[in-house]
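# A closer look at the structure
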Amino acid sequence: MNKRIIQFTAIVLLALISATTFAQDRRTLDTKVADALAQMPTKDLVHRDRVMAELVELGPQGFEKIAQLLTPAGVGDDTAVRFAINSLARYASEFGRADDRDFVETSLLAALEEHSDVEVKTFLLNQLNLVGSDKSVNVIKKYLANEDLTEPAAQTLVAIGTE
C-alpha cells in the first residue's frame, strides 16, 4: 500500500513538473510588447538585459510594433518606447552581440523609412550611431540632402566610420 502511494505521489509530482516546464507563452505580440514597455526604464543592467533579450526574441514584427508607437515631441508620451529602443541599441552594441546588432540595425533602418516626422527620424538616426554599419550608409546618405536631417545623418555616418 505504501509503495503505491509513493508511486502515485511520484507520478503526480513528475506530471506537475513537466507541465510547468513545457508551458507555452500564449500572450499575443501586442501583449508581449506592452509587458516589455511597462518595465521601462529598467531597474538595473541585469533586468535590462533580460528585457532586451525578450525584445530580440519578438523579432522584426515586435520591433515594428514598438517603433510604430514613436510619436513626435509634444504629441504623446512615448518615453517608455524611447527607453526601450535606446536600451535595445545599447544592448546590441555590446561586444559579442553581432546577431542582435544586425537585427537592431535592420529594424532601425526599416523604422527610419516608415516614419515621416523629422524629430522621430532624428531619434532613430541617433540610435543608429550605436549599431550602424556599412549596411546603413546607403539608406542614411539620402538624408544628407534633407536640411532638417543633415546634422543627425552626418553624425551617424561619422559614427559608422566608413569611407
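Further up the page is the structure itself.
What comes next concerns the included structure.

Thresholds applied
In this convention, every chain numbers its residues from 1, walking through the sequence in written order. The predicted nature of this model means local features are confined to residues of pLDDT at least 70 and side-chain atom pairs, given and counted, to a pLDDT of 80 or more, with totals for whole chains, interfaces and linings taken over all residues. In computing side-chain values, all of the structure's heavy atoms are included and hydrogens and water are not. Axes here mean lines fitted to C-alpha atoms, for a helix over just the part in contact, with angles spanning 0 to 180 degrees between N-to-C directions. What counts as a helix is a DSSP run of H or I of at least four residues, what counts as a strand is a run of E of at least two, and both are numbered from the N terminus. Throughout, the term roughly parallel applies to angles under 35 degrees, roughly antiparallel to angles over 145, roughly perpendicular to angles from 65 to 115, and oblique to all others. Contacts: residue pairs with any heavy atoms within 4.5 Å of one another. Amino acids outside the nonpolar list (Ala, Val, Leu, Ile, Met, Phe, Trp, Tyr, Cys, Pro) and the charged list (Asp, Glu, Lys, Arg) are all regarded as polar, and Gly is one of them. The rule is simple: take the accessible area with a 1.4 Å probe, protein chains only, and divide by the maximum for that residue type; under 20% is buried, over 50% is exposed, in between is partly exposed. This arc corresponds to the set of directions leading from the helix axis out to the C-beta atoms. Criterion for a salt bridge: a side-chain nitrogen of Lys or Arg within 4 Å of a carboxyl oxygen of Asp or Glu. Two helices that cross are described as forming a left-handed crossing if the nearer one is turned anticlockwise from the farther one by less than a right angle, and a right-handed crossing if clockwise. Two aromatic rings from Phe, Tyr or Trp, using only the six-membered ring of Trp, form a pair when their centres are within 6.5 Å; if the ring planes differ by under 30 degrees the pair is stacked, by over 60 it is edge-to-face, and anything between is tilted. In this scheme, the term charge over a ring applies when either NZ of a lysine or CZ of an arginine sits within 6 Å of the ring centre and within 35 degrees of the ring normal. Working rule for helices: expected span equals 1.5 Å times residues minus one.

## Re the packing of helix 3 (residues 45-57) against helix 5 (residues 79-92)
At a closest axis distance of 10 Å, the pairing of helix 3 and helix 5 adopts a crossing angle of 95°. Comparing their axes, helix 5 and helix 3 come out roughly perpendicular. In contact with R48, D49, M52, A53, L55 and V56 of helix 3, helix 5 contributes A84, S87, L88, R90 and Y91. Of the residues assigned to the contact of helix 3 with helix 5, the class counts are seven nonpolar, one polar and three charged.

## Description of helix 8 (residues 134-141)
Burial in helix 8 covers these residues: S136, V137 and I140. Taken around the axis of helix 8, the buried residues stretch over an arc of 120°, which confines them to a single face. Taken together, the buried residues of helix 8 touch helix 6 (98-114), helix 7 (118-131) and helix 9 (150-160).

## Focus: the pattern of salt bridges
Opposite charge on two side chains allows them to pair when their charged atoms are near. Summed over all chains, the structure comprises 10 salt bridges. Note that D30 and K65 form a salt bridge whose closest N and O atoms lie 3.1 Å from each other. One end of the pair, D30, is in helix 2 (residues 29-38); the other, K65, is in helix 4 (residues 59-68), with 35 residues separating them in the sequence. Accessibility expressed as a relative area gives 47% for D30, which makes it partly exposed. Taking the shortest distance from any N to any O, the salt bridge between E113 and K142 comes out at 2.9 Å. Highlighted residues: E113 in helix 6 and K142 in the loop between helix 8 and helix 9, separated in sequence by 29 residues.

## Focus: the packing of helix 6 against helix 7
Two elements in contact, helix 6 and helix 7, have axes whose closest approach is 10 Å; the angle formed by their N-to-C orientations is 160°. Here helix 6 is positioned roughly antiparallel relative to helix 7, judged by the angle of their axes. Remark: the crossing between helix 6 and helix 7 carries left-handed chirality. Along the contact surface, helix 6 presents R101, V104, E105, L108, L109, A111, L112 and E113, while helix 7 presents K121, L124, L125, Q127, L128, L130 and V131. Grouping the amino acids of the contact of helix 6 with helix 7 by side-chain chemistry returns 10 nonpolar, one polar and four charged.

## Thoughts on the packing of aromatic side chains
The final tally for this structure, using the stated rule, is one aromatic pair. Geometrically, the ring pair formed by F63 and F103 is edge-to-face, given 6.4 Å between the ring centres and 85° between the ring planes. One end of the pair, F63, is in helix 4; the other, F103, is in helix 6, and 40 residues separate them in sequence. Here F63 matches F103 in class, with each residue buried. Of note, R82 hangs over the ring of F123, and the distance from its end group to the ring centre comes to 4.7 Å.

## A word on the side chain of R82
Checked against the element boundaries, R82 lands in helix 5. Overall, R82 belongs to the buried group, its relative accessible area being 16%. Ignoring sequence-local partners within four residues, the contact set of R82 consists of L70, T71, E119, V120 and F123.

## What about helix 5?
With 14 residues, helix 5 should reach 20 Å at 1.5 Å per residue; the first-to-last C-alpha distance of 20 Å fits that figure. Restricting attention to buried positions, one finds in helix 5 the residues V81, R82, A84, I85, S87, L88, A89, Y91 and A92. Tucked inside the fold, the buried residues of helix 5 contact helix 2, helix 3, helix 4, helix 6 and helix 7.

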